[in-house]
Amino acid sequence: MKQIIIITSIIFLLLASFGLRIWRIDKAPASVNWDEAALGYNAYSMLLTGKDEFAKAMPVSLRSFDDYKPALYAYLAVPFIRFIGLNALSTRIGSVISGVMLVFFVVYITSFLLGKLKYGLLAGVFTTVSPWALHFSRIAFEANLAASLYFAGLALFVMALRHKYAYIGAIMMMVLSMYAYHAQRAIAIPTLIILTMLFWNNFKDTFISKWKIYLAVAVIGLLPLIYSFLTEPAGSRLVSTFILKLWPFAPHDYPLLIYNPIYSLIMQLAGQFLAYFSPVNIFLKGSTEPILRIPTLGLLPLELFPLWIFGLFRLNKNRSLAKVLGTVLVMAPLPAVITWNWFSVVRTLALYPAFIILAAAGGKWLWERQFHHSGLKFAVGGFWAVLFSLSSLYTFLTITIYAPLVTFGDFQPGFKETVPYVMQESAKYSKVVIDSDQAAPYIFFLFYSKYPPALYLKDNHVIKTNNGTEKRSFGKFEVRNITRADLDQTGILYMGPVKSLPDWAVTNIFQKEGARVKDFKDLLGYTSYRVVSL
Amino acid sequence: MKRAAGIILPGLVIFWSLAVLLNHFPPGEQEIQLRYLAWSQARHIPVPDNYYREMPFPLPIWLLSVWPARLLFSDTYFRLPNLIIGWGGLALLYMMLKKQQPEIALATIIIFGITPWVLWMIISDTAAVLTLFMALLITVMGFNTKVNQLILIAVWLGLCLTSLSGLVFGVIFGIRWVGKQKMVIAGSLMFLAAAGISWQYRGYIYQQSIFYINGINNESISKEVDQRVRDEFKLDNFQNIVPLFIKRWVYNKPFYWYRAVTGQILGNFSVEKLAYPAESSATVTRSLWDSKDLPWLLFWEVGLVMAGGYFWRVLKPELGTVCGLFGVWSFTAMGIFGNNFLATGIGLTVPVAILAAMGWRKFPRLLKGLSILIVIFSLLSTYDLFFNREMVWRDNRPEVQMMIAKMAKKYQADYATAVLGRSFLYYAWLVKLSPENLWTGIADHNHPEKTVFESFNLKSTAAAKGRVYVGFPGEFLGNRKENGSNEFHISELPLNWQLLASYPIHDTVSFGNGDFIWTVKIN
């Protein structure tokens, strides 16, 4: 009976997580951003041709906008694109499933370390409705998949404390997470090594007898990644964002003898590390970067703040919890700390599930130790639960309904509505010119038009550089700026912003020549794109 | 060795604080106002009502009124009373710690004394340092069970009359100690007094509250809720995808009030605000020293405080109580009163210093040795900021207003600008104007002596011949904010206008009026 309740609770929680993450996923966020479009189209390309958009077969990293995205997410998107077709849902569903699995791993780790399933379920509920978890699971983020795999590795490690065979699974998951996102490449294996050292007494015997197998699994698993690092500029992202770019840190008129660069570096690193533990950043501000920001919400619900504080200061009371969480809390911010970003949520996604487990531990301590009068305990607990439930409803409404109004601009609006129309009209024209203020318009066009990858590869696989802004053409489509001279041409279909196809041209040229003009509006009623059939 | 450290390190703190005192940082507007109120009090001279209304808590005024006016208005020693109170506070803290946990006593006052922001607050904010002193005094007295209850009540009353923050501590202390020592009569008196004082200052209290300062009121909350519902309705093609009755559970005023207030309180828990003020609103790193504030904590102190928090249980229970009491006080005060939140929460410096000292004590020796280099560099760089780069961390208004006053004095100006505030206070400070003349001059259209202090616009009103004006270029040539410009050149002045002096401002203080102070004579 007890087992049925446990299984039912977990299934219910996972279903709820799935429901909250999948509902209106094609509407909130309003459209796919360029990274999502790139992941989706590369997956589509791999499905139909076995190659990415640069004709690379079985890539470990997707060159994309020369940012060499880890390719695992795109591989996972392939089956969904096969069955659902190329769209926002099929591109994002991999992230949804990662988010749901993360809930499961958090439940498992918390239950194990705190010794009671109810606290695991509590942590599961926190993960289910936390703004960061909900937001990042509704967008095709490689970081979300990587965080989920990282926690799968942690869950298997924790499992291995009792069942040694799980250790090899932990290695595999940690290695796999390195194929999902850059940040995990820096922390996954070190995390496992540190944890193994901290729990050395538990693993000593098995490790000594099986270390060759473990090493072989890790090395074999890492071979493609190592090969990729040797043959591609896969570390380009780190180079471009490395903290030493700020060297010598102090303004040029400050004496370097006093504002010593090494001292400044330590100060900078310490500040960037501490920023991830600053309650304002966690509970109030969250990220302010486009795509990552969640309107009016922080990363974790406000109500978790007292639990988080108690959890932090009571961490030393549970040695196993302290070892596991302590390792994650130290390791997870590191990939972001070594960049010039002061506070980067996406690079530290593995930190927030650890915070949730910490809050659950704080909740346990408060519930079990702080209230001697049971009436008061239930009154305070009930009041808190009501507040938390209301906050969760607010979070859900904000992310699924309200957010697009604020963030639609982050997701390069307009292509979703315009491209299908352009494709429909394009049959009548020998040439179609696409212009956009947004970066990488070509990828949106490919994504929303489901342009056949084989045809695209025929024309574009030899592009030397690709930061998304270059001109390009494929078939009868040209992606470039529309010039004044273009406006006098006929027999061409133009898609562009009002800046390129201005109102005066509509009145003085297009209407006189009988051209058809169609405007596509964004959520605020402004014209995002204008299509002119000359 | 320990004995030597016991002499050298406090000596270092005294040396630093004296160095700050003697560095001639120009006074802030409120510092001058407070000193004039004190001087007027000492001589029983009536003061315009609004000057008292802005500083309604009388103890700082009473305290300064007993100092000789010559000292209060001395260019060098006018902050000496603050420093003496601050040293008194440090001594009280040391005594308390020496009794409770001697091994961290010295480290605590050193950490306390070398933190630049704390030092600056002690030197420049009489109300804040007096509040801290009184809070420490009453806490020390509270530990002493033999203390006369009437004296305790008198000190407590003084604390409540020091500042808003002091009033908050008074209430919290009252609740804590009444429960502890069963002082029913004293407690009732305290409660009644606190209620009376709060009622007396209710208008001021509201104006200083986070609600007033951040515009959080029933009307703004209502608007926010309405706007949200309308936006979503419009967004979903004029229908509610989630039924409105469900949305109403959270789209209502109480819930929005809860979010607004919790957000304001939580806003104080910021590592950036405390230790990296330049980064407080940054995503991408800016220069660590490009700030308009001194760090409240040196960055390594944050780590020490965290380590100290981890070893919380090693603290003696009484000291734990002090930390808890001061912590609750500070966060409550900062949570309720948003204006100058760090000064409001000055009490937090005590638990922070104690915890940092505890963290330092628990640090492994090897790490201590390595950290000493970081400590030295941090002191060098922050004190370089302190003494050589005032304009990096301090608002430049005091400097600019002092310059306006100096120009007005030197050129016997007929008009001087009031764009930046009450520059006539600086003028009065400079010429050591007596309070009678100051208040009479203010009543006579801010006209303390010959000079009239008010904003002028010589582009729209005719300039009188033979008059001397001190002001921003925009006041002579017209404000250019609407043109998106802040650029002016002397050559633009009419030929019969003679520029007597020009002073460049380091940082923009008056948008659209130019970055200079000009003294111009109309010929």
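Above this text sits the structure in question.
Undergrad: Got a minute to help me understand the overall build of chain B in this structure?
TA: Assigned secondary structure in chain B consists of 28 helices and five strands. Rg of the C-alpha trace for chain B: 26 Å, near the compact-globule value of 24 Å for 523 residues, within the 12% margin. Expressed as a percentage of contacts within chain B between residues at least 6 apart in sequence, the contacts between residues at least 24 apart total 72%. Accessible surface, chain B as shown: approximately 23,500 Å² in total, 61% of it carbon and sulfur. The centroid of the 46 positive side-chain charges in chain B is displaced by 10 Å from the centroid of its 34 negative side-chain charges.

Undergrad: Help me understand the environment of Leu137(B), please; the structure alone is not making it clear to me.
TA: Residues and elements named next belong to chain B. You can see Leu-137 is positioned in helix H9 (residues 126-143). The exposure class assigned to Leu-137 is partly exposed, which follows from its relative accessible area of 23%. When the C-alpha positions of Leu-137 and Leu-71 are compared, they lie 26 Å apart, and in sequence the two are 66 residues distant. In this structure, Leu-137 is in contact with Leu-92 and Val-155, ignoring residues within four places of it in sequence.

Undergrad: Looking at this structure, how should I read helix H17 (residues 351-369) of chain A?
TA: Think of an α-helix as 3.6 residues a turn; residues three or four steps apart then line up on the same face. Spanning 19 residues, H17(A) covers 27 Å between terminal C-alpha atoms, matching the ideal 27 Å at 1.5 Å per step. Here H17(A) lies mainly inside the structure; 16 of its 19 residues are buried.

Undergrad: I tried to follow the pairing of strand S7 (residues 516-521) of chain A on my own but got confused; where do I start?
TA: Taken residue by residue, a regular strand's side chains alternate between the two faces of the sheet. All names here are of chain A. Sheet topology places S7 next to strand S8 (residues 527-533); six bridges connect them, and they run antiparallel. The residue bridging Asp-519 from the neighbouring strand is Arg-530, located in S8. Hairpin remark: S7 followed by S8, antiparallel, with five residues in the connecting loop; positive phi at Gly-525, about 90 degrees.

Undergrad: For this particular structure, what's the right way to read the packing of helix H7 (residues 142-160) of chain A against helix H15 (residues 319-331) of chain A?
TA: When two helices pack together, their arrangement is given by the angle between the helix axes and the distance between those axes. All names here are of chain A. Here H7 crosses H15 at 155 degrees, and the two axes come no closer than 12 Å. It follows that H7 is roughly antiparallel to H15 by the angle criterion. For H7 against H15, the interelement crossing comes out right-handed. Here Tyr-150, Phe-151, Leu-154 and Val-158 of H7 come into contact with H15, specifically with Val-324, Val-328 and Met-331. Residue composition of the contact of H7 with H15, by class: seven nonpolar, no polar and no charged.

Undergrad: Quick question: what am I supposed to make of the interface of chain A and chain B here?
TA: Interfaces are often sized by the accessible area lost when the parts come together. In this complex, chain A contributes 56 residues to the contact, which on the side of chain B involves 50 residues. Summing both sides of the interface, chain A and chain B together bury roughly 4,900 Å²; the carbon and sulfur share of this comes to 68%. The largest per-residue losses of area from chain A upon contact with chain B belong to Tyr263(A), Trp342(A) and Tyr394(A), which jointly make up 15% of the total buried on that side. Linking chain A with chain B are zero salt bridges, by the criterion used here. Our enumeration of links across chain A and chain B arrives at 13 residue pairs in polar contact (both at pLDDT 80 or more).

Rules used in this analysis
- Residues numbered from 1 in each chain as written.
- Chains lettered and ligands numbered in written order.
- Predicted model: local features only at pLDDT ≥ 70, side-chain atom pairs only at ≥ 80, totals over all residues.
- Heavy atoms only, no water.
- Helix = DSSP H or I, 4+ residues; strand = E, 2+ residues; numbered from the N terminus.
- Rg over C-alpha atoms; globule rule 2.2 N^0.38 Å.
- Contact = heavy atoms within 4.5 Å.
- Areas by Shrake-Rupley, 256 points an atom, 1.4 Å probe, with all protein chains shown as cover.
- Lys, Arg positive; Asp, Glu negative; His and termini not counted.
- Charge placed at Lys NZ, Arg CZ, Asp CG, Glu CD.
- Buried < 20%, exposed > 50% of the residue type's maximum accessible area, 1.4 Å probe, protein only.
- Expected span 1.5 Å × (residues − 1).
- Pairing = 2+ DSSP bridges.
- Axes fitted to C-alpha atoms, helices over the stretch in contact; angles between N-to-C directions.
- Parallel < 35°, antiparallel > 145°, perpendicular 65-115°, else oblique.
- Left-handed = near helix turned anticlockwise from the far one by under 90°.
- Nonpolar A, V, L, I, M, F, W, Y, C, P; charged D, E, K, R; others polar.
- Buried area = accessible area lost by both parts, 1.4 Å probe.
- Salt bridge = Lys/Arg side-chain N within 4 Å of Asp/Glu carboxyl O.
- Polar contact = N/O pair within 3.5 Å; in protein donor to acceptor, adjacent residues only side chain to side chain.

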